[in-house]
Amino acid sequence: MLEDEAGDILRKARLGQSMDRATVARQAGLSGEDLEAYELLVRPVPPETARVLAGVLGLDPDRLARIAAGAYAPKPQDETTPDAIVRCLVVSQENGWTSNCYLFGFKDTEEAVIVDPGAEPERILAELEAMKWRPRYAAITHGHRDHVGALETLLDEWALSVLASPADLELIGLEPERIHFVFDGERFPLGRHCLQALTTPGHTLGGVSYLADHGCFVGDALFAGSIGYPNVQDGGYRMLRESLAAKILTLPPETRLYPGHGPSTTVAEEREANPFFSTSFIQSLNVP
């Protein structure tokens, strides 16, 4: 099941461009009440209406209509490759919401990475013990509470190197000396392999994705068929789309993408199915 429905996508695109609901509805030949019902998921968006709204909002009409019709879902991804293992733990927050915490390691080393420990630290520790993994890094894609809520408890148990952007320091809530501040392209050893930081701001100013061998952990920057909400003011929407187009969608097509919510996907599927990345938008950035 996708994290975002067509109505979620419409709302993110409209608010990201600072367009008011009445103007978008009028240009699409709808009432403001109709558009509000779609955005709040009170009513499903008819595929033909999705096409019209996509044109107003600069989205790909065919892709949005496909999502509105319930005709798109990414292919299930295996958690193992010949070299690596990924464990996705869907952890629960106190408010009932969930997020994806990932445990990642290579088969030829006991060292592992914890990506976005948002909650349930005891469950994370138990899974590490079951896998016989020794965590070396806590890789933080962004500083929202649902992605760092278990971090301090884990630091009480393991001498982790916390990887994060300095731009999200205030959100993360740790003292600066407890964080290794990453820069774009920086690599971190993991056995005979490595983890690479790719800056992907827009959801937060300090958004970071982490590339490792076959997969990339993208946090809330990208969802299957959608993007995260652009929380950065003054150009955050374009910043997010451009950073993803340049840093993530240029990775090899088979690269698996592991988001902070919802199912995993691949670069190939997002280049083909994500309405935020139309062919014309990609070409406008001179992205290969």
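Residues numbered from 1 in each chain as written. Predicted model: local features only at pLDDT ≥ 70, side-chain atom pairs only at ≥ 80, totals over all residues. Heavy atoms only, no water.

> Is there a simple way to think about the packing of helix α4 (residues 47–57) against helix α5 (residues 61–68) in this case?
At a minimum axis distance of 8 Å, the contact between α4 and α5 shows a crossing angle of 145°. Every pair of crossing elements has a handedness; the one defined by α4 and α5 is right-handed. Contacts from Pro47, Ala50, Arg51 and Ala54 in α4 reach Pro61, Asp62, Leu64, Ala65 and Ala68 in α5. For the contact of α4 with α5, a count of residues per class yields seven nonpolar, no polar and two charged. (Axes fitted to C-alpha atoms, helices over the stretch in contact; angles between N-to-C directions. Helix = DSSP H or I, 4+ residues; strand = E, 2+ residues; numbered from the N terminus. Left-handed = near helix turned anticlockwise from the far one by under 90°. Contact = heavy atoms within 4.5 Å. Nonpolar A, V, L, I, M, F, W, Y, C, P; charged D, E, K, R; others polar.)

> So what exactly am I meant to see when it comes to the packing of aromatic side chains here?
Two aromatic rings, taken as a pair, are described by how far apart their centres are and by the angle between their planes. Using the criterion set out here, one finds eight aromatic pairs in the structure. Arranged with centres 5.1 Å apart and planes meeting at 25°, the rings of Phe217 and Tyr258 form a pair that is stacked. Within this pair, whereas Phe217 is found in strand β10 (residues 215–219), its partner Tyr258 is found in strand β13 (residues 256–259), the two being separated by 41 residues in sequence. Like Phe217, the residue Tyr258 is buried in the burial classification. (Phe/Tyr/Trp six-rings, centres within 6.5 Å; stacked < 30°, edge-to-face > 60°. Buried < 20%, exposed > 50% of the residue type's maximum accessible area, 1.4 Å probe, protein only.)

> Can you help me understand the pairing of strand β9 (residues 208–212) in this one?
Each regular strand carries side chains that alternate between the two faces of the sheet. For β9, a buried count of five out of five residues is recorded, marking the element as mostly surrounded by other parts of the structure. Because side chains alternate across β9, one face comprises the buried residues Val208, Tyr210 and Ala212, and the other comprises Ser209 and Leu211, equally buried. Both strand β8 (residues 193–199) and β9 contribute to a ladder of four bridges, which runs antiparallel. Across the sheet, the residue bridging to Ala197 is Tyr210, located in β9. Pairing of β9 with β10, which is carried by three bridges, proceeds in the antiparallel orientation. If you follow Leu211 over to β10, its bridge partner there is Cys216. From the end of β9 to the start of β10, which pair antiparallel, there are two residues, and Asp213 there has a positive phi angle of about 55°. (Pairing = 2+ DSSP bridges.)

> So what exactly am I meant to see when it comes to the pattern of salt bridges here?
Pairs may arise between side chains of opposite charge once their charged atoms sit close together. Applying the stated criterion to the full structure yields 17 salt bridges. Of the charged contacts in the structure, one is a salt bridge between Asp34 and Arg43, with a shortest N-O distance of 2.6 Å. On the accessibility criterion, Arg43 (36% relative accessible area) is partly exposed. Across the salt bridge formed by Asp184 and Lys247, the nearest N and O atoms sit 3.4 Å from each other. On the criterion of sequence distance, the pair formed by Asp184 in the loop between β6 (179–181) and β7 (187–190) and Lys247 in helix α10 (residues 236–247) is long-range, its members being 63 residues apart. Note on Lys247: relative accessible area 24%, which makes it partly exposed. Linked by salt bridges that have partners in common, Arg14, Arg21, Glu36 and Glu39 make up one network. (Salt bridge = Lys/Arg side-chain N within 4 Å of Asp/Glu carboxyl O.)

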